Amino acid sequence: MTTTRSITAEIPSRPRMATDPAELVPELADVSAALFRAVGNRSIPRGTVSLVQLRAGQIVGSTYLTVLHTGFLRKAGESEERITSVATWQDSPYLTAAERAALALVEAVLQPNPYGERVSDELYAEVAAHYDEKALATLMLAIGQVNFFVAIALIAKPVPGKAFTDPWA
C-alpha cells in the first residue's frame, strides 16, 4: 500500500539522499560537464534553454529544477513576466514564436500523448521553421540534459534554492 504525505506536512530542508550522487559516482561530473558544453554551443539563446528547462521542471513537478531555472533566468536579466508566463506559454505575449515552439517541443517530449506519437510531424515542422539543424539538435540536447537531471532531482531530492554545485551542503 502506498502512503502519501499530507500537503500540509513540513518539507524537509535536507536532501533525501544523504550523499551527493557526484561523490558516489564521480563520472557524473564528466557527463554533466559534457552536456553543459554541448548545450552551450550558442546555436540557440541561453535564455531559450533556461525557459525550456524551467518548463520541464514544472511538468515533472520538481521544485528544485523549477527554482534552479527560475534563478538562472533572473540572473540572466529575464523579466518576471517572461519567467512566470512559462507555465501558460501558449498564449503568452512575452515569449517569441520560436520560444513557444521550443516549449511545445519539451511538453510533447515529457507528456504522454494517448492519441499518437508525442512529437508529431507537424510539431517537428513548426519547430524546424524556427531553428536550423544545429539549433534543433541543441534544443534536443537541452531537453535531454534537463531529463538527465530530472531523475536526480526527483529521487535524491536536493534542497531547492541551494547553489547548483552544492545542494548537499
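The structure under discussion appears in the preceding block.
Just so you know, these numbers come straight off a predicted model, no measurement behind them.

## Some remarks on the side chain of Ser92
- Here Ser92 shows up in the loop between α5 (80–84) and α6 (97–110).
- Here the side chain of Ser92 touches Ser85 through a polar contact of 2.8 Å, side chain to side chain.
- Leave out the neighbours within four places in its chain, and Ser92 touches Ser85 and Arg100.

## What about unusual backbone geometry?
- Phi at Arg42 is positive, roughly 70 degrees, even though this residue is not glycine.
- Among the structural elements, Arg42 can be located in the loop between α2 (27–39) and α3 (46–60).
- Relative accessible area serves as the criterion here: at 77%, Arg42 is assigned to the exposed category.
- With a phi angle near 50 degrees, Lys157 is a residue other than glycine that sits in the positive phi range.
- Along the polypeptide, Lys157 turns up in the segment after α8 (133–155).

## Observations concerning α3
- End to end, α3 covers 21 Å across 15 residues, agreeing with the expected 21 Å (1.5 Å per residue, within 8%).
- Counted residue by residue, α3 has eleven buried out of 15 residues, so it is predominantly covered.
- Within α3, the full set of buried residues consists of Gly47, Thr48, Val49, Ser50, Leu51, Val52, Gln53, Leu54, Arg55, Ala56 and Gly57.
- Those residues of α3 hidden inside the fold are in contact with α2, α4 (63–75), α5, α6 and α8.

## Some words on the packing of aromatic side chains
- Tallied over the full model, the rule gives two aromatic pairs.
- Here Phe36 and Phe149 contribute two aromatic rings whose centre-to-centre distance is 6.2 Å and whose plane-to-plane angle is 50 degrees, an arrangement assigned as tilted. Highlighted residues: Phe36 in helix α2 and Phe149 in helix α8, separated in sequence by 113 residues.
- Among the residues examined, Phe36 registers a relative accessible area of 31% and is labelled partly exposed.

Definitions and cut-offs
Residues numbered from 1 in each chain as written. Predicted model: local features only at pLDDT ≥ 70, side-chain atom pairs only at ≥ 80, totals over all residues. Heavy atoms only, no water. Helix = DSSP H or I, 4+ residues; strand = E, 2+ residues; numbered from the N terminus. Polar contact = N/O pair within 3.5 Å; in protein donor to acceptor, adjacent residues only side chain to side chain. Contact = heavy atoms within 4.5 Å. Buried < 20%, exposed > 50% of the residue type's maximum accessible area, 1.4 Å probe, protein only. Expected span 1.5 Å × (residues − 1). Phe/Tyr/Trp six-rings, centres within 6.5 Å; stacked < 30°, edge-to-face > 60°.

Purely geometric numbers; function is a separate question.
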